[in-house]
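Overview (structure and organization)
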Amino acid sequence: MKQASIQFREIKREDYPALEKIISDTWEYERYCSPQVAKQMATFYLASCLANQTFTCVAENNGIAVGVIMGKVEKNFQTPMRYATQGLLATGNLKRTKEGRHMAKLFEGFDRLNHRLLDQSRLKFEGELAFFIVGSDQRGNGIGGELYKRFLQYTQAVGIEDYYLFTDSGCNVGFYEHQGLERMGEETHNLKPYVDEVMSFYLYGQHTSANVKKLA
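Residues numbered from 1 in each chain as written. Predicted model: local features only at pLDDT ≥ 70, side-chain atom pairs only at ≥ 80, totals over all residues. Heavy atoms only, no water.

Next up on the list: the overall build of the protein. Of the regular secondary structure elements, the protein holds 6 helices and 9 strands. The C-alpha atoms of the protein give a radius of gyration of 17 Å, which matches the 17 Å a tight globule of 216 residues would have. In terms of overall dimensions, the protein has a C-alpha envelope of 50 × 45 × 35 Å along the principal axes. Here the protein, with 216 residues, has 46% of them falling under the buried criterion. Long-range pairs, those at least 24 residues apart, make up 72% of the contacts in the protein between residues at least 6 apart in sequence. (Helix = DSSP H or I, 4+ residues; strand = E, 2+ residues; numbered from the N terminus. Rg over C-alpha atoms; globule rule 2.2 N^0.38 Å. Buried < 20%, exposed > 50% of the residue type's maximum accessible area, 1.4 Å probe, protein only. Contact = heavy atoms within 4.5 Å.)

The structure is reproduced here in structure tokens:
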């Protein structure tokens, strides 16, 4: 895609198809299931991210969304009704077929694994970097750094100093380490019987001892 002036703004419904394609391409969903179910998986994943955020920033190039970052303030968080409804619809669509239900169980396993990593850290954070992705053809252009900067501006505006994120070996974890985040948890699993592949899953965090609460 030709590089133009990149615009940064809140997410819009019109961005969903482009972002869903980036999600599907990044994790190569079509390696594991039919194109139809791969599309439903990407829709489900984006909907689940939208249901878990209080902040979004999209990078737009030539009128097309090429990246997005989402953040969440943990205190008193409630999923906005419109995103809760979208999530329910996306879940229902994914689970309509046997193949879709099979892949939905994989997502459910990821969710349990992430929660286990956070529980094992025994830390309670003020915020979360809930989702962060940039299209492969746009990486190396500074877009990821600009999106991350806007996330940090948001955390500063709402008074959050400590946050965490979940990521995996399919992502550029080196970016987070370059930003000074600490790896606080790690698990490696074979994804059988859902997918014949080994992946590592990580918990990263930015924290200060004065603000992160140690759970009893």
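Here the narrative resumes.
On to the packing of helix α2 (residues 35-50) against helix α4 (residues 98-121), then. Closest axis-to-axis distance for the α2/α4 pair is 10 Å, and the angle between their directions is 40°. Crossing geometry of α2 relative to α4 is assigned as right-handed. Between α2 and α4, the contacting residues are V37, M41, F44 and Y45 on the first element and E99, G100, M103 and F107 on the second. Looking at side-chain class alone, the contact of α2 with α4 contains 6 nonpolar, 1 polar and 1 charged residues. (Axes fitted to C-alpha atoms, helices over the stretch in contact; angles between N-to-C directions. Left-handed = near helix turned anticlockwise from the far one by under 90°. Nonpolar A, V, L, I, M, F, W, Y, C, P; charged D, E, K, R; others polar.)

Two elements in contact, helix α1 (residues 16-27) and α2, have axes whose closest approach is 9 Å; the angle formed by their N-to-C orientations is 110°. Taken together, the axes of α1 and α2 are roughly perpendicular relative to one another. Where α1 crosses over α2, the two elements pack in a sense that is right-handed. On α2, the residues that touch Y16, L19, E20, I23, S24 and W27 of α1 are A38, K39, A42, T43, Y45, L46 and L50. In terms of residue class, the contact of α1 with α2 is made up of 9 nonpolar, 2 polar and 2 charged. (Parallel < 35°, antiparallel > 145°, perpendicular 65-115°, else oblique.)

Opposite charge on two side chains lets them pair, provided their charged atoms get close. Inspection of every chain in the model, using the stated rule, returns 14 salt bridges. With a shortest N-O distance of 3.6 Å, K72 and E74 are connected by a salt bridge. A relative accessible area of 9% means that K72 is categorised as buried. Here D196 ties to K192 by a salt bridge, and the two come within 3.7 Å at their closest N and O atoms. The exposure class assigned to D196 is exposed, which follows from its relative accessible area of 64%. A relative accessible area of 53% means that K192 is categorised as exposed. (Salt bridge = Lys/Arg side-chain N within 4 Å of Asp/Glu carboxyl O.)

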